[in-house]
Amino acid sequence: MSNARQVWEFAQSFSQSSCVHVLINNAGCMVNQRELTEDGLEKNFATNTLGTYILTTALIPALKKVEDPRVVTVSSGGMLTQKLNVDDLQFEKGPFDGTAAYAQNKRQQVILTERWATRHPQIHFSSMHPGWADTPAVQTSMPSFHAKMQAKLRTEAMGADTVVWLAVSAAAAKQPSGLFFQDRRAVATHLPLAASRCSAQEEEKLLAAVEELALKFKP
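In this report, we go over the structure that sits alongside the text. Residue numbering note: each chain is counted from 1, following its sequence as written. For a predicted model such as this one, the threshold for reporting local features is a pLDDT of at least 70, and the threshold for listing and counting side-chain atom pairs is 80 or more; totals across whole chains, interfaces and linings nevertheless cover every residue. Side-chain numbers here rest on the full set of heavy atoms in the structure, without hydrogens or water.

Let's talk about the nonpolar core
Point 1. Grouped together as the largest cluster of nonpolar side chains are 34 residues, with contacts concentrated most on Leu50, Tyr53, Ile54, Phe125, Leu206 and Phe217.
Point 2. Looking at this core, the elements with two or more residues in it are helix H1 (4-17), helix H2 (43-63), helix H3 (98-119) and helix H8 (200-216).
Point 3. Secondary structure elements are taken from DSSP: a helix is a run of H or I of four residues or more, a strand is a run of E of two residues or more, and numbering for both begins at the N terminus. When residues of this core are assigned to their parent elements, the largest contribution, eleven residues, is made by H2.
Point 4. Among all residues touching Phe217, those that are not within four sequence positions of it are Ala4, Arg5, Trp8, Asp39, Leu41 and Leu50.
Point 5. In plain words, nonpolar cores are sets of buried Ala, Val, Leu, Ile, Met, Phe, Trp, Tyr and Cys residues tied together by side-chain atoms within 4.5 Å. Only protein chains enter the calculation, and the probe is 1.4 Å; a residue is then buried if its accessible area is under 20% of its type maximum, exposed if over 50%, and partly exposed in between. Listed in part, the eight residues of the second largest apolar core include Val72, Met128, Leu166 and Phe181. Only heavy atoms enter the contact rule, under which two residues are in contact if any of them lie within 4.5 Å.

Details of the sheet that holds strand S1 (residues 22-25)
Point 1. Each pair of strands is called paired provided DSSP finds at least two bridges between the two strands. Taken in spatial order, the five strands make up an open sheet running S1-S2-S3-S4-S5, and their pairing is mixed. One side of each edge strand has no neighbouring strand; the edge strands of this open sheet are S1 and strand S5 (185-186).
Point 2. Of the strand pairs in this sheet, strand S4 (residues 179-182) and S5 are connected by two bridges, and their pairing is antiparallel. Residue pairing across strands places Gln182 opposite Arg185, the latter belonging to S5.
Point 3. Packed on one face of the sheet, H3 meets strand S2 (70-74), strand S3 (124-128) and S4 and runs near 165° to S3.
Point 4. Running at roughly 165° to S2, helix H6 (residues 156-168) makes contact with S1, S2, S3 and S4 of the sheet. Lines fitted to the C-alpha atoms define the axes, with helices restricted to the stretch that makes contact. Angles between their N-to-C directions range from 0 to 180 degrees.

Structural notes on the pairing of S4
Point 1. As paired strands, S3 and S4 are joined by three bridges and run parallel to one another. Bridging across to S4, Met128 finds its partner in Phe181.
Point 2. From the end of S4 to the start of S5, which pair antiparallel, there are two residues, and Asp183 there has a positive phi angle of about 50°.

Observations regarding the pairing of S2
On any regular strand, side chains alternate: one points to one face of the sheet, the next to the other face.
Point 1. Most of S2 sits out of view: five of its five residues are buried.
Point 2. Neither face of S2 is exposed, since Arg70, Val72 and Val74 on one face and Val71 and Thr73 on the opposite face are all buried.
Point 3. Sheet analysis places S1 next to S2, joined by four bridges and oriented parallel. If you follow Val22 over to S2, its bridge partner there is Arg70.
Point 4. Remark: the S1/H2/S2 crossover connection has right-handed handedness.
Point 5. In this fold, the crossover linking S2 to S3 by way of H3 has right-handed handedness. A right-handed crossover is one whose linking path, passing over the helix from the first strand to the second, runs clockwise when the strands point away from the viewer.

What follows is the structure in structure tokens.
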């Protein structure tokens, strides 16, 4: 997912001969040291934001071939702590914080979901927070958090419940497109009194930046 060209190539090839009923954007990473891909992109951004954007965009034609197509993007409650920083999408300025970079990516995914829902009304888009589940990714990326919270973490099945519900249930399809879910309920994308809201102009700037980067790697 961090190799933009390969994501394009796969999705374009797949779309030519196949249809997609449900796309679940779940693949991701939290790299705690600033690393660059072979294309010179910060690895968290390349995987979580750009890779997700390219895969979804390139599969839109395949999704539009079927009835009731859906896209579910697995975000994170960590994004609630972050206001979109569109001026430093790849953490090139100041000290690097992998947790903050991941949370920024997850905020970006929620914004992209809202924009996709507006652009493609034939497709049902949603993003969601699975809750904090006891997965290998949490163990390796957030070892201190995992050690402190292990007894309270959800099982993998509990974390996947809302993803599956959004993907296949009739009830989910009746919800407006573009919403953010937790435990099968649409929830707010900002905490009360939190300074995490951005302007429409900042959202447009994000979309333009990601689109420009994506096209740079399109075969």
